[in-house]
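Chains, contacts and geometry: an overview
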Amino acid sequence: MVERFVLLSRLLLLLLPPEIRRNREDEFQAACAACFARESARLGAAGIAYAVLRLTIDACVAAVLIRIDAWRSARIAAAHMPAAPQGDSNMASLWQDVRYAVRTLGRAPGFSAVAILTLAVTIGAITAIFSVVNGVLLRSMPFGDPDRLAILYEAIPKALAGPIGFSAPDYAGFEQRARSFTSLAAFANKEYELSGVTQPERVTAARVSATIFTVLGVQPLIGRAFTRDEDLGRVPVAILSDGLWRRAFGSDASIVGRPVVLDRKAYTVVGVMPPTFVFPNRGPIFNNVPADLFVPISFTEDELAAFGSMYNNTVVGRLAPGVTVAQADAEARAICERMTKEIYPAALQQMGLTLSASVVPLRDEIVGRVQTLLYVLLASVGVVLLIACADLANLMLTRAAGRQREMAVRTALGAARSRLARQVLVEAGLLAAAGGLLGVPLAYWGTRALVRLAPETLPRLNEIGLDGRVLGFAAVTSILTALLCGVLPAIESSRRLAGQTLKDGGRAGTPGSRQRRMFGTLVIVQFALAVVLLVAGGLLIRSFARLMAVNPGFRPEHVMSLQTNLPAAAYPTGADVRGFYRRLMERIEQLPGVAAAAASTYLPLAVRERRAVTLELQPPESANVPHAVAHDWTIGRYFDALGITLVSGRFLSEKDTPTSEPVVVINEALARRFWPGRDPVGQRIAWGGSRNHGPWMRIVGIVGDVKQGPLNTQTEVQTYQPWEQVGDDSIAENITGALRSMTIIVRGTTDPPSLASALRAQVHDLDPSLPVGHVRMLPDVVSESAGPQRFNTVILGSFAATALLLAALGIGGVLATSVSRRTQEIGVRMALGAQRVDLLRLVIRQGMTLVFIGLVIGAPAAFALSRFMSALLFDISPRDPLTFAAVSALLLSVAMLACYIPARRATRVDPMVALRYE
């Protein structure tokens with residue numbers, strides 16, 4: 001009886017404040033014992049009841065009086081000292097939550113490691129993609145007020161409808177008449193031989209107007225810009241890019257004022273550009289190769305008289321204040337229409353030649369073609385992050401289900417729901433913060449990998465990297481990830497009361513219906529998002545497969561090429577140029593292992609020359625004659641070297657000399673279009689318009705179609721002419737150097753890389769100072785042609801595969817948790833006679849139901865969103881049914897495998913062990 005009374009006294013002691021209870025516990029218990037002894041001896045059982053009642057009343061009154069006294073003491077103390085800020089208490093409790101979260105996550109190292117690694121990879125991936133988007137699309141271009149810059153193109157509606165560059169006379173006339181621009185400048189790429197350095201090399205120069213740096217709003221870092229007199233007077237001066245200055249001249253600041261040798265001619269260096277200045281930029285249609293150096297454009301008299309030809313120059317302008325791009329575009333069209341009547345020769349006017357123009361914002365011209373791709377990649381990796389967050393939320397919900405008793409105890413001890421929710425959010429925040437910190441170095445490495453993997457044509461590659469904006473994006477992504485991962489588990493943990501926990505959980509702690517719905521919803525969301533990404537990746541994979549199946553029209557195996565450019569200072573006449581290439585071809589043909597050797601002005605997939613042509617046809621037939629065809633000049637056994645098939649007639653041969661009849665070979669596309677059902681061999685064509693054309697050329701052969709541009713472009717009509725039949729004056733012309741710069745093509749009997757050194761030796765035997773550049777294998781040329789599509793496919797395909805893996809892990813994890821928490825139920829089922837196949841079917845049906853719902857939701861979403869990918873696809877519809885069917889089959893197969901593993905585990909449960917499972 002005494003022990004029971006002491007226990008009662010301890011319970012009553014709980015009514016006292018903690019500080020009083022700690023100091024008076026022994027005294028209180030002694031008083032209770034004395035009271036019990038006195039009253040029990042005097043009144044017996046009735047005295048005991050009376051003692052208990054009296055003790056209870058006294059304890060309650062004492063507790064109330066003590067708490068009132070403590071409250072009054074606290075008020076008096078607070079009046080004599082500054083009040084502690086409310087935030088201090090909140091910060092203290094938050095810090096307590098952080099420390100508790102660290103200990104909790106430390107006790108689950110496996111869960112923590114998986115969660116942090118998953119978040120680090122996904123946050124690193126989305127940050128790396130954002131760094132590319134930031135560098136290419138969002139970061140301001142390194143020019144002064146770049147939003148006021150625009151690129152201008154010409155067009156000849158009756159001949160070349162597409163955008164073309166400006167001819168020199170058109171630019172001069174336009175510059176005099178334009179009022180929508182404060183300044184204009186022209187530029188064009190040209191290759192030079194740089195000698196007088198450690199190793200001669202071919203460099204890309206930009207011939208630029210003296211106003212170019214004023215237009216762009218950039219000045220040299222060292223030295224000065226070009227003057228107007230240097231531009232008009234053709235003074236040999238040069239400005240170096242930062243890259244060439246560092247690479248070839250060791251960052252020597254005294255280079256200004258010293259000469260450099262270009263094409264065996266001395267040019268005085270007058271300046272060096274800043275490291276951030278890269279121009280011309282990748283992206284525009286023409287003149288899109290960044291220059292190693294800059295020289296004055298200095299139009300020659302021949303260029304200024306080249307009306308209706310030599311559209312080689314790109315024009316950039318700075319819009320006048322208050323002028324919009326639309327207003328400038330309208331003025332440019334009107335000016336070009338007037339120029340045809342005001343400055344063009346009468347012969348061209350009689351031909352009905354008309355000019356037009358277009359004005360495009362510089363930024364749109366540089367990055368417009370990759371904008372859709374980069375936003376698609378950013379959205380795709382964002383979807384992967386959402387799937388990863390759903391995975392982590394499922395894991396945290398699973399942990400929350402296992403911590404129901406802990407949360408119930410904390411609730412019973414007075415913890416508020418907000419405090420419980422905050423605890424779970426703090427844990428999610430710690431995981432996201434750790435994932436974000438680890439994701440930053442992964443983003444750095446990923447960015448470098450993307451830059452290496454990206455095709456050379458991707459603009460602004462040099463500006464891609466981690467900066468404050470990218471790091472801020474990573475921080476915001478980590479915060480959003482914490483919220484996405486933690487909100488549902490936090491809500492679920494805070495909603496569960498102790499009684500509800502016992503009701504839903506049961507003795508074995510199985511998840512309640514609410515938790516099962518949450519698990520299922522997250523899995524459905526994962527699979528719906530995975531369907532969208534898989535469809536996108538599948539479309540790109542099928543598109544790329546079709547692209548690589550395109551016949552380029554030649555056989556690239558065992559073929560290599562190299563490029564030479566003969567400087568005018570060393571080879572001033574056409575006879576000099578002709579003699580060099582004749583001797584070189586003879587030497588190469590005699591090399592062992594050479595099956596055929598040739599040279600041409602362009603390689604397949606990169607033909608840039610377009611010529612106006614007239615066909616000798618009857619008037620009704622000539623009405624549909626094109627005004628321009630792709631053209632190439634060839635030396636030697638060009639068609640044999642490239643493996644181009646002969647359809648009719650003969651190839652060009654060494655018999656086609658300057659003194660023989662001019663001849664030409666055409667492709668099948670030209671023959672089909674203008675001589676359908678007939679053999680055009682023997683017909684004649686001529687360069688120029690119908691009223692003003694050159695000498696007639698006899699068609700001597702028809703060859704198979706060869707791609708003039710990348711594999712995904714339309715095959716054009718094309719002609720081939722023997723380089724030997726070009727006049728010496730045309731070969732000697734050095735404005736563009738088109739016929740001085742030839743690509744040597746060699747087909748080997750075996751793999752030709754071993755021939756590279758032998759070819760270089762032959763070139764250097766003829767001219768030791770001549771650099772040899774662009775030594776390439778033709779299979780690599782074909783592969784590089786599909787570089788942008790390969791980049792798209794690899795990146796988006798990787799994201800799709802990651803999404804599929806995460807979704808499979810999600811469904812597998814949910815089912816594994818379900819099986820683990822339903823062990824007792826499974827044991828009961830087996831004890832009642834359920835067969836293993838029934839259990840297998842039960843678990844798989846549970847998982848596949850979620851997968852089917854995700855597929856039903858994701859397929860229409862993918863169908864609706866796939867239209868945004870039209871610009872990225874080749875020869876395939878964005879709603880290709882085969883792709884959707886293949887994605888559905890793949891998704892169901894992987895999901896079935898993911899469901900089978902936990903289902904098989906369920907069939908291995910021992911009923912006797914399961915019935916005793918706690």
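**Structural notes on the overall build of the chain**
Scanning the chain from terminus to terminus reveals 29 helices and 23 strands. For the chain, with 918 residues in total, the buried portion stands at 50%.

**Section: the packing of aromatic side chains**
What the rule picks out here adds up to 22 aromatic pairs. Taking 5.7 Å as the distance between ring centres and 75° as the angle between the ring planes, the aromatic pair formed by Phe166 and Phe174 counts as edge-to-face. The same class applies to Phe166 and to Phe174, which are both buried. An aromatic cluster of at least three residues, connected via ring pairs, comprises Phe143, Phe187, Phe213, Phe226, Phe277, Phe279 and Phe294. The lysine or arginine in question, Arg879, covers the ring of Phe863, its NZ or CZ lying 4.4 Å from the ring centre.

**A closer look at the pattern of salt bridges**
Tallied over the full model, the rule gives 29 salt bridges. For Asp292, the salt bridge goes to Arg247, with nearest N and O atoms at 4.0 Å. Of this pair, Asp292 sits in the loop between β8 (265-272) and β9 (293-296) while Arg247 sits in helix α8 (residues 242-249), and the two are 45 residues apart along the sequence. When the shortest N-O distance is used, the salt bridge between Arg338 and Glu342 registers 3.8 Å. Residue Arg338 and its partner Glu342 are located together in helix α10 (residues 325-342), separated by four residues, close to a single helical turn.

**Looking at unusual backbone geometry**
Between Phe279 and the following residue, Pro280, the backbone shows a cis peptide bond with an omega angle of -10°. Structurally, Pro280 can be placed in the loop between β8 and β9. Even without being glycine, His558 reaches a positive phi, approximately 65°. Of note, His558 is situated in the loop between α17 (513-548) and β12 (559-565).

**Quick look at helix α24 (residues 778-785)**
All of the buried residues in α24 are Leu778, Val781, Val782 and Ser785. Down the axis of α24, the sector holding all buried residues measures 95°, keeping them to one side.

**A closer look at the side chain of Ser167**
Examined against the element boundaries, Ser167 turns out to sit in the loop between β2 (160-164) and α5 (168-177). With residues up to four places along the chain from it excluded, the contact list for Ser167 reads Glu154, Ala306, Ser309, Met310, Tyr311, Asn313 and Tyr344.

**Side note on the pairing of strand β13 (residues 594-600)**
For β13, the buried fraction is high: six of the seven residues fall into the buried class. With three bridges joining them, β13 and strand β16 (residues 629-636) adopt antiparallel strand pairing. Bridging from a neighbouring strand, Ala599 pairs with Ile635 of β16.

**Focus on helix α23 (residues 755-766)**
The end-to-end C-alpha distance of α23 is 17 Å, a good match for the 16 Å that twelve residues give at a rise of 1.5 Å each. When α23 is considered as a whole, its buried residues turn out to be Leu755, Ala756, Leu759, Gln762 and Val763. Across the axial projection of α23, the buried residues extend over an arc of 125°, all falling on one side. Exposed positions of α23 whose direction lies more than 90 degrees from the buried face are Ser757 and Asp765. Along its buried surface, α23 packs onto β12, α18 (574-589), β13, β22 (741-748) and β23 (773-777).

**Digging into the packing of α5 against α10**
Where α5 contacts α10, the two axes come as close as 10 Å, and the packing angle between them is 120°. One way to sum up the angle between α5 and α10 is to call them oblique. The two elements α5 and α10 meet at a crossing, and its hand is right-handed. Here Asp170, Gly173, Phe174 and Arg177 of α5 lie close against α10, whose contacting residues are Glu331, Ala332, Ile335, Cys336, Arg338, Met339 and Glu342. A breakdown of the residues in the contact of α5 with α10 according to their chemical character gives five nonpolar, one polar and five charged.

**Side note on the side chain of Arg282**
Structurally, the position occupied by Arg282 is in the loop between β8 and β9. Polar contacts involving the side chain of Arg282 include one to the side chain of Glu456, which spans 3.4 Å. Ignoring sequence-local partners within four residues, the contact set of Arg282 consists of Asn288, Val289, Pro290, Ile366, Glu456, Thr457, Leu458 and Pro459.

Basis of the calculations
- Residues numbered from 1 in each chain as written.
- Predicted model: local features only at pLDDT ≥ 70, side-chain atom pairs only at ≥ 80, totals over all residues.
- Heavy atoms only, no water.
- Helix = DSSP H or I, 4+ residues; strand = E, 2+ residues; numbered from the N terminus.
- Buried < 20%, exposed > 50% of the residue type's maximum accessible area, 1.4 Å probe, protein only.
- Phe/Tyr/Trp six-rings, centres within 6.5 Å; stacked < 30°, edge-to-face > 60°.
- Lys NZ or Arg CZ within 6 Å of the ring centre and 35° of its normal.
- Salt bridge = Lys/Arg side-chain N within 4 Å of Asp/Glu carboxyl O.
- Arc of directions from axis to C-beta.
- Contact = heavy atoms within 4.5 Å.
- Pairing = 2+ DSSP bridges.
- Expected span 1.5 Å × (residues − 1).
- Axes fitted to C-alpha atoms, helices over the stretch in contact; angles between N-to-C directions.
- Parallel < 35°, antiparallel > 145°, perpendicular 65-115°, else oblique.
- Left-handed = near helix turned anticlockwise from the far one by under 90°.
- Nonpolar A, V, L, I, M, F, W, Y, C, P; charged D, E, K, R; others polar.
- Polar contact = N/O pair within 3.5 Å; in protein donor to acceptor, adjacent residues only side chain to side chain.

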